[in-house]
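Here is how the chains run, residue by residue.
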Amino acid sequence: MKTLKGETVEDRRPITKESAVSYYGSPEEGMKNTDDQTVEELSKAFEKLQKTEGDSLLKKYLTRDIYDTLKHRVTESGATLLDVIKSGVENPDSSIGVYAPDSESYVMFKEIFDPIIKDYHQGFQPTDEHPKVDFGDPDVFGDLNAPADYVLSTRIRCARSLEAYPFNSKMTEENYEELEQDVEAALDFLDGDLAGYYTTLSELKPNEKKKLTEEHLLFNNEDRFLEAAGAFHYWPKGRGIYLNSDNTFIVWVNEEDHMRIISMEKGGNVKSVYKRFVNALSSLEEHLHFSTSQRLGHLNFCPTNIGTGIRASVHIRLPNLGKDREKLEELAAGFNLQVRGTSGEHSEVEDYVFDISNKRRVGLTEFETIQEMYDGIEEIIRYESENSSEDIDNGNNDTVSQIYEKTKYDAGYDNKEGNKNEDNQNNKHDNDERDNYKHENNEK
Ligand SMILES: Nc1ncnc2c1ncn2[C@@H]1O[C@H](COP(=O)(O)OP(=O)(O)OP(=O)(O)O)[C@@H](O)[C@H]1O
Ligand SMILES: NC(=[NH2+])NCCC[C@H](N)C(=O)O
């Protein structure tokens, strides 16, 4: 693909340690050394991390041994352990606390990334490999609002990075501008319901920004975790947003990642949102080279966003269950789901509207990622509809473990052995293509 400068993306792809990114090479070979000043700053950062309270995965896994192993390492783009950990050190309330300044960092600093990845992505081992791409058939999903209107809106997004550039904190001013041009050129190929306009952030008027933000369509630079990681250099240079004509397809450029590719609409029609997402991604993939590794799938700035890079979420109103946040969190966690506030990560819940999405993104296919969200939300809706807020207030509702028992039974498994209960399965799944697809695939 030609960029606006007339060079191809291939021309600018760095001749870095591609072998390292394949994850099997040794980071020790040909390694550069950290300069004295960085070693000193790193030592202060490590001591600060020891002294501050916090439950971040960084604090949990950065032992002195690992720190000593990693403190001299430098990647081709100049990233050190300091770049990896500084957000978590400055923000002791981080849940994760690390970012990868470039794709090579996942190998160069694997001693800290691997245990964090395993912990966040629920057991993905250093010896595991992310599965091959499989989007499955979007038509097998239905509308989550089929029983009643609980879901206000559905959003499926993925993070993508371009192979030619380091990640956010190591990007130069020129990188931001060139990357924006690369993405704009690729977006030009989108047509049909995906056709729209790209606007660079500096051209948006304050009232336009406000409106788009209120409609959950736009990002900002107010995230202190990203700020400390060095993700807001040269802001708003190179940042921007693409919107199709009915605001159901959006691309964010150079926010946390090079690209956030988003499909969203009002209501609970997962089929329609996922279909649009898959179509858009296939078109963009024809024109852009994304950063991937055989072991970890797609590589992005935050280790929570690797693998499929997909977060499939609903905005769902739960006036009953929402009264007991602890129970909602516990229930969601059992379905591998994550609960956020109404305006996204680190935000408050307004009027019982929660953002609930899949949590893990590595070790399962794209199809399975969507399925995980879909199945869990179905169960949460069932629970919400079966328990009034009085039941919840009076403690007359099912316990979380009773709910899981019910779920296993309804999904065609008997309660004791985990064996299939044929009668129940036949009743429940007669006309349900999605579940047929799921069972066929699980049984392989
Ligand atoms: N299902 C949804 N319907 C409407 N808006 C949504 C939905 N899910 C998320 N949003 C909105 O998208 C915006 C971005 O949310 P948020 O930053 O939490 O997640 P993200 O873009 O997926 O990235 P990250 O996980 O890196 O934070 C917010 O305005 C949030 O309210
Ligand atoms: N948008 C994200 N990458 N979210 C996940 C982590 C956010 C932040 N760095 C933390 O550790 O809490």
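Rules used throughout
Residues numbered from 1 in each chain as written. Chains lettered and ligands numbered in written order. Predicted model: local features only at pLDDT ≥ 70, side-chain atom pairs only at ≥ 80, totals over all residues. Heavy atoms only, no water. UniProt positions renumbered as here; feature names shortened; annotations may be inferred. Helix = DSSP H or I, 4+ residues; strand = E, 2+ residues; numbered from the N terminus. Buried < 20%, exposed > 50% of the residue type's maximum accessible area, 1.4 Å probe, protein only. Contact = heavy atoms within 4.5 Å. Areas by Shrake-Rupley, 256 points an atom, 1.4 Å probe, with all protein chains shown as cover. Core = buried A, V, L, I, M, F, W, Y, C linked by side-chain atoms within 4.5 Å. Near = heavy atom within 4 Å. Polar contact = N/O pair within 3.5 Å; in protein donor to acceptor, adjacent residues only side chain to side chain. Nonpolar A, V, L, I, M, F, W, Y, C, P; charged D, E, K, R; others polar. Phe/Tyr/Trp six-rings, centres within 6.5 Å; stacked < 30°, edge-to-face > 60°. Lys NZ or Arg CZ within 6 Å of the ring centre and 35° of its normal. Pairing = 2+ DSSP bridges. Axes fitted to C-alpha atoms, helices over the stretch in contact; angles between N-to-C directions. Salt bridge = Lys/Arg side-chain N within 4 Å of Asp/Glu carboxyl O.

Within an unreviewed UniProt entry, the label attached to the chain reads arginine kinase, and the organism entered is Armadillidium nasatum. Annotation of the chain in UniProt includes, under Sequence similarities (unreviewed entry), the sentence "Belongs to the ATP:guanido phosphotransferase family."

Within the chain, the regular secondary structure consists of 18 helices and 12 strands. For the chain, the proportion of its 444 residues judged to be buried stands at 54%. Once local pairs closer than 6 in sequence are excluded, the contacts in the chain between residues at least 24 apart make up 73%. Total accessible area computed for the chain in this model is approximately 20000 Å², and 44% of it derives from carbon and sulfur atoms.

Glancing now at the nonpolar core. Formed by 58 residues in total, the largest nonpolar core has its most connected members in Phe249, Met259, Tyr274, Phe277, Ile316, Ile356 and Ile377. By size, the runner-up hydrophobic cluster in this structure holds 40 residues, among which are Leu42, Val89, Tyr99 and Phe113.

Bringing the site of ligand 1 into the picture now. The environment of ligand 1 is made up of 20 residues, and the closest members are Ser153, Arg157, His216, Ser313 and Arg340. Asp355 places a polar side-chain atom, nitrogen or oxygen, 3.4 Å from a nitrogen atom of ligand 1. Summarising the interface, the protein chains cover 91% of the accessible area of ligand 1, which totals 620 Å² for the free molecule. At the level of secondary structure, the elements contributing two or more residues to the shell around ligand 1 comprise strand S3 (151-160), strand S7 (259-266) and strand S10 (310-317). Taken together, the residues of the shell around ligand 1 sort by class into three nonpolar, nine polar and eight charged.

The next point concerns the packing of aromatic side chains. Going through the model one piece at a time under the given rule, you end up with 12 aromatic pairs. Aromatic pair Phe141 and Tyr374: ring centres 5.4 Å apart, planes at 50°, arrangement tilted. A residue pair is termed long-range when its members are at least 10 positions apart, and Phe141 in the loop between helix H8 (110-120) and S3 and Tyr374 in helix H14 (residues 366-386) qualify at 233 residues. The residues Phe141 and Tyr374 share a single accessibility class, namely buried. Above the plane of the ring of Tyr176 lies Arg239, whose end atom (NZ or CZ) is 4.0 Å from the centre. Here Lys359 stacks its cationic end above the ring of Tyr120, 4.4 Å away from the centre of that ring.

Below, the discussion takes up the pairing of strand S12 (residues 353-358). A regular strand places its side chains on the two faces of the sheet in alternate fashion. Among the six residues that make up S12, six are buried, leaving the element largely enclosed by the rest of the structure. The pairing of S10 with S12 spans five bridges and is antiparallel. Bridging across to S12, His315 finds its partner in Asp355. One ladder, built from four bridges, connects strand S11 (residues 337-340) with S12; its direction is antiparallel. The partner of Val339 across the bridge, within S12, is Ile356.

What follows deals with the sheet that holds S3. Ordered in space as S4-S5-S6-S7-S3-S10-S12-S11, the eight strands form an open sheet in which the pairing is antiparallel. Unpaired on one side and paired on the other, strand S4 (196-200) and S11 mark the two borders of the sheet. Taking the axes of each pair of neighbouring strands and ignoring which way they run, one obtains an average angle of 20° across the sheet. Judged from the seven bridges that link them, S3 and S10 form a sheet pairing that is antiparallel. Bridged to Cys158 within S10 is Ile310.

All right, on to the side chain of Thr200 then. Checked against the element boundaries, Thr200 lands in strand S4. Within the structure, Thr200 has its side chain in polar contact with the side chain of Glu180 (distance 2.6 Å).

Two side chains with opposite charge may pair up if their charged atoms get near one another. Evaluation of the coordinates by the stated rule reveals 24 salt bridges. Close ionic contact of Glu111 with Arg73 constitutes a salt bridge, the shortest N to O distance being 3.1 Å. Within this pair, whereas Glu111 is found in helix H8, its partner Arg73 is found in strand S2 (residues 73-74), the two being separated by 38 residues in sequence. Residue Glu111 is classed as partly exposed on the basis of its relative accessible area, which comes to 25%.

Below, the discussion takes up the pairing of strand S5 (residues 240-244). Most of S5 sits inside the fold, with five of its five residues counted as buried. Residues Gly240, Tyr242 and Asn244 point to one face of S5 and Ile241 and Leu243 to the other, with burial holding for every one of them. Examined bridge by bridge, S4 and S5 share five bridges and lie antiparallel to one another. Each residue of the ladder has a partner; that of Thr199, found in S5, is Ile241. Bridge count between S5 and strand S6 (residues 249-253): four bridges; the pairing is antiparallel. Residue pairing across strands places Tyr242 opposite Val251, the latter belonging to S6. In this antiparallel pair of consecutive strands, S5 and S6, the connection spans four residues, and Asn247 shows a positive phi of 60°.

This part takes up the site of ligand 2. In the vicinity of ligand 2, the contacting residues are Ser94, Ser95, Ile96, Gly97, Tyr99, Phe225, Glu256, Cys302, Thr304, Asn305, Glu345 and His346. Backbone polar atom of Ser95 to an oxygen atom of ligand 2: 2.8 Å apart, as the coordinates give it. One of the backbone nitrogen or oxygen atoms of Ile96 is found 2.7 Å away from an oxygen atom of ligand 2. For ligand 2, the protein covers 94% of the area, taking 340 Å² as the surface of the free molecule. Its residues assigned to classes, the shell around ligand 2 shows four nonpolar, six polar and two charged.

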